[in-house]
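Below are the chains, spelled out letter by letter.
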Amino acid sequence: MILSNLPTLTFFYILLAYFIGGITQGILGVGLITVVISLLSFVVDVKETIALVIIPTIITGFFQMINGSNLKVIIKDTKYFLVFSTLIIVPGVFLLNVLESDLILIFIAILLFMNSSLSLSNRVVAIPNHQNSIIQLLTGSLNGFIIGLTSIYTMPFVFLLQSLKYNKEKTVQFMGLAFLLYSSMQFISFSYIKLISISTIVPSLIVTLPVIIGFLLGKKIRSFISEKLFKKLFYLMLLLMSGIILINAFL
């Protein structure tokens with residue numbers, strides 16, 4: 001079992017990482033996987049971290065998806081993107097299975113660095129003709145492959161979000177729908193290639209508890225803290241973590 005035979009401090013650090021990821025997800029509607037992978041890249045193999053975080057992502061994604069009244073509109077606007085990004089997760093996962101963990105960490109760090117740099121510089125990257133079915137097919141396929149390989153739900157997903165110009169409620173609900181689909185497909189793919197098994201599901205359920213507690217706390221915090229300020233701090237943290245992950249990968 002992944003969490004067995006760990007030093008006590010390491011075990012509680014892992015639970016704390018999932019708790020912080022849950023808080024971030026509750027406040028922003030995104031960030032659970034990114035935070036967990038970043039914080040645990042030094043103590044747990046990245047493939048095991050991804051396997052553990054899938055069930056919590058399914059659960060939080062479901063609650064985000066049902067919290068709103070815009071689901072039909074969202075599906076109509078993004079159906080081709082969602083379908084192809086979900087399907088193309090499969091070849092990405094198969095590549096994840098054969099690549100070395102350090103190489104995957106390098107890909108993750110580069111994605112985090114690019115995404116954080118764009119966000120902190122207030123660069124808005126929109127997808128031209130984002131409602132066109134062919135454009136959604138192409139960008140969705142690229143998005144799915146990146147998710148399958150790294151489990152980082154950022155680019156080009158964030159570019160579509162910027163193109164849609166949804167309000168906060170629709171944005172969070174759209175991310176919930178997408179994350180539910182993506183994590184469900186990851187669960188199926190990981191199960192097929194034996195990266196998820198009974199020995200993985202039990203510790204995954206264990207870390208789900210701090211995620212849910214953090215998620216509910218994050219939703220409460222959302223009404224008290226400036227989302228703009230939190231986003232800036234969040235992306236500063238990711239920028240720092242991407243550098244640390246790269247250093248760790250090359251050591």
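Asks: Any details on the packing of helix H1 (residues 8-28) against helix H10 (residues 198-222)? Residues and values, ideally.
Replies: Two elements in contact, H1 and H10, have axes separated by 6 Å at closest approach and are oriented at 35°. Read as a crossing pair, H1 and H10 show a hand that is right-handed. Between H1, through Ile-14, Leu-15, Tyr-18, Phe-19, Gly-22, Ile-23, Gln-25, Gly-26 and Ile-27, and H10, the contact on the second element is made entirely by Ile-206, Val-207, Pro-210, Val-211, Ile-213, Gly-214, Phe-215, Leu-217, Gly-218, Lys-219, Ile-221 and Arg-222. Taken together, the residues of the contact of H1 with H10 break down into 14 nonpolar, 5 polar and 2 charged.

Asks: A description of a negative patch on the surface should follow, citing residues and the corresponding values.
Replies: On the surface, Asp-45, Glu-48, Glu-100 and Asp-102 cluster together to form a negatively charged patch. Inspection of the secondary structure assignment puts Asp-102 in helix H6 (residues 101-120). Judged by its relative accessible area of 42%, Asp-102 is partly exposed.

Asks: Can you explain the confidence of the model for the protein? Please cite residues and give values.
Replies: For the protein, per-residue confidence averages 84 on the pLDDT scale, and residues scoring 70 or more make up 95% of the total. Mean pLDDT across the elements of the protein bottoms out in helix H11 (residues 227-250) (71) and peaks in helix H4 (residues 71-87) (93).

Asks: Outline the packing of aromatic side chains, supporting the account with residue identities and numerical values.
Replies: Under the defined criterion, the tally for this structure stands at 10 aromatic pairs. Ring centres of Phe-81 and Phe-157 lie 6.3 Å apart, and the angle between their planes is 45°; on these two criteria the pair is classed as tilted. Of the two residues, Phe-81 sits in helix H4 while Phe-157 sits in helix H8 (residues 157-164), which places them 76 residues apart along the sequence. As far as burial versus exposure is concerned, Phe-81 and Phe-157 are alike and both buried. Judged by centre distance (5.4 Å) and plane angle (20°), the rings of Phe-157 and Phe-174 are stacked. Taken together, the positions of Phe-157 in helix H8 and Phe-174 in helix H9 (residues 168-192) put the pair 17 residues apart, joining distant regions of the chain. Across the pair, exposure class does not vary: Phe-157 and Phe-174 are buried alike. An aromatic cluster of three or more residues is present, and its members are Phe-81, Tyr-153, Phe-157, Tyr-166, Phe-174, Phe-179 and Tyr-182.

Cut-offs used in this document
Residues numbered from 1 in each chain as written. Predicted model: local features only at pLDDT ≥ 70, side-chain atom pairs only at ≥ 80, totals over all residues. Heavy atoms only, no water. Axes fitted to C-alpha atoms, helices over the stretch in contact; angles between N-to-C directions. Helix = DSSP H or I, 4+ residues; strand = E, 2+ residues; numbered from the N terminus. Left-handed = near helix turned anticlockwise from the far one by under 90°. Contact = heavy atoms within 4.5 Å. Nonpolar A, V, L, I, M, F, W, Y, C, P; charged D, E, K, R; others polar. Patch = residues over 30% accessible without salt bridge, like charges linked within 9 Å, V, L, I, M, F, W, Y side chains within 5 Å. Areas by Shrake-Rupley, 256 points an atom, 1.4 Å probe, with all protein chains shown as cover. Salt bridge = Lys/Arg side-chain N within 4 Å of Asp/Glu carboxyl O. Lys, Arg positive; Asp, Glu negative; His and termini not counted. Charge placed at Lys NZ, Arg CZ, Asp CG, Glu CD. Buried < 20%, exposed > 50% of the residue type's maximum accessible area, 1.4 Å probe, protein only. pLDDT = per-residue confidence, 0-100. Phe/Tyr/Trp six-rings, centres within 6.5 Å; stacked < 30°, edge-to-face > 60°.

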